[in-house]
Amino acid sequence: MAPLKRSGTQASGGYDGSVAVGTAFVKKKPNPIDRHVGSRVRMRRVMLSMSQEKLGEALGLTFQQVQKYEKGTNRIGASRLQQISRTLGVPPAYFFEGAPSFEAIANSEPGEMGVAEDPNAPYIADFLSTAEVLHLNMAFARIHDPKIRKRIVDLVSSLASEEPGSDARENQNPCEDN
C-alpha cells in the first residue's frame, strides 16, 4: 500500500526511497537500527572475503538488494535475517551487537519510541566495516607481542597527527612538500 498524504489520499513512493509529505517528496533517512544491522552484515561478509554477489546468490537476491540491506535502505525481515545469519555463520543476535539503544523521546507523542544515537555512529560503523579496517584488524590480532602492538598504535597515531589540517602540521619541516 502506498503512503498516505496528510490530506488522506494515497501517494506513491519515489524511486529514490523518498515518501510523499503533502505535495512534496522528502528523502527518507534509513532507520539507525537498520543501518547498524546492515553494517554488521557487511562487516561479517567482508570478514569472510565474500562478495555481495556471492551473498546474493546464496540468498536468492541480486547484489543490488544486498547493497540496500547493507546501507540500511531496505529493512531486513526476520526470516531473511535468519537466512543471512546461517549463510554468514553467526547467530542473529550478532547483527544487533552494539546497536543504538531505544529510549523515549522528550516531547513526543505518548507511546512513541525513538533511538538514541551518537551523531558519529554512522561514520564509525561505515568506517569499521571497510575492507581495509577489517584486514588491518585481523592482521593486528595475529600480533601477540604487546610491545609491538603498542608501537603499531603509536605509529598510526603519529601518522594520523600528520594529516593535513591537524595541529601537528605546524611542526612540519618547512622544506617538505605538502
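Residues numbered from 1 in each chain as written. Predicted model: local features only at pLDDT ≥ 70, side-chain atom pairs only at ≥ 80, totals over all residues. Heavy atoms only, no water.

Here's the deal with the confidence of the model for the protein
At step 1: Residues with a pLDDT of 70 or more make up 63% of the protein, whose mean pLDDT is 75.
At step 2: Helix α4 (residues 78-88) holds the highest mean pLDDT among the elements of the protein, 97, whereas strand β4 (residues 114-116) holds the lowest, 52.
At step 3: Of the regions scoring below 50 in pLDDT, residues 4-11 engages in 14 contacts with residues more than four places distant in sequence or in other chains.
At step 4: Predicted confidence is poor over residues 168-178, with pLDDT under 50, and the contacts of this stretch with residues over four places away or in other chains come to seven contacts. (pLDDT = per-residue confidence, 0-100. Helix = DSSP H or I, 4+ residues; strand = E, 2+ residues; numbered from the N terminus. Contact = heavy atoms within 4.5 Å.)

Overview of helix α1 (residues 32-47)
At step 1: Taking 1.5 Å per residue as the helical rise, α1 with its 16 residues ought to reach 22 Å, and the 22 Å between its terminal C-alpha atoms agrees with that figure.
At step 2: α1 sits mainly inside the fold: 13 of its 16 residues count as buried.
At step 3: Looking at where α1 begins, the residue whose side-chain oxygen comes 2.7 Å from the main-chain nitrogen of I33 is N31.
At step 4: Trailing α1 by a residue or two, S49 shows a phi angle of about 55°, which is positive. (Expected span 1.5 Å × (residues − 1). Buried < 20%, exposed > 50% of the residue type's maximum accessible area, 1.4 Å probe, protein only. Polar contact = N/O pair within 3.5 Å; in protein donor to acceptor, adjacent residues only side chain to side chain.)

With respect to the nonpolar core
At step 1: Membership of the largest hydrophobic core comes to 19 residues, with the highest contact counts inside it found for V37, V41, L55, I76, I84, L88 and F95.
At step 2: Elements with a minimum of two residues in this core: α1, α2 (52-59), α3 (63-71) and α4.
At step 3: Sorting elements by how many residues they give to this core places α1 first, with five residues.
At step 4: In this view, L88 contacts V41, R44, R45, L48, M50, L55 and F95; residues no more than four positions away in its chain are not counted. (Core = buried A, V, L, I, M, F, W, Y, C linked by side-chain atoms within 4.5 Å.)

A few points about the environment of L61
At step 1: Structurally, L61 can be placed in the loop between α2 and α3.
At step 2: The exposure class assigned to L61 is buried, which follows from its relative accessible area of 19%.

Points about the pattern of salt bridges
At step 1: By the definition in use, this model includes five salt bridges.
At step 2: The partner of R40 in a salt bridge is E97, with the nearest N and O atoms 3.0 Å apart. Of this pair, R40 sits in helix α1 while E97 is found in the loop between α4 and β3 (101-103), placing the two residues 57 residues apart along the sequence.
At step 3: Take R40: its relative accessible area is 11%, and that puts it in the buried class.
At step 4: Two residues, R42 and E70, come together in a salt bridge whose shortest N-O distance is 3.9 Å. Here the residue R42 occupies a position in helix α1, and E70 occupies one in helix α3, the gap between them amounting to 28 residues.
At step 5: Members of the salt-bridge network, linked through shared partners, are R42, R45 and E70. (Salt bridge = Lys/Arg side-chain N within 4 Å of Asp/Glu carboxyl O.)

Some remarks on the packing of aromatic side chains
At step 1: Inspection of the entire model under this criterion finds one aromatic pair.
At step 2: Lying across the ring of Y94, R40 places its NZ or CZ 4.0 Å from the centre. (Phe/Tyr/Trp six-rings, centres within 6.5 Å; stacked < 30°, edge-to-face > 60°. Lys NZ or Arg CZ within 6 Å of the ring centre and 35° of its normal.)

Focus: the side chain of D34
At step 1: Within the fold, D34 resides in helix α1.
At step 2: For D34, a relative accessible area of 13% gives the class buried.
At step 3: If we skip the residues at most four places from it in the chain, D34 touches Y69, G72 and R75.

A few points about α2
Given 3.6 residues to a turn, an α-helix orients residues that are three or four positions apart in the same direction.
At step 1: Looking at α2, one finds that the buried residues are Q52, L55, G56 and L59. Buried positions in α2, seen along its axis, are confined to an arc of 100° and lie on one side of it. Exposed side chains of α2 directed beyond 90 degrees from the buried face belong to K54 and E57.
At step 2: Check the buried side of α2 and you find it contacts α1, α3 and α4.
At step 3: Just beyond α2, the residue with positive phi is G60, at close to 75°. (Arc of directions from axis to C-beta.)

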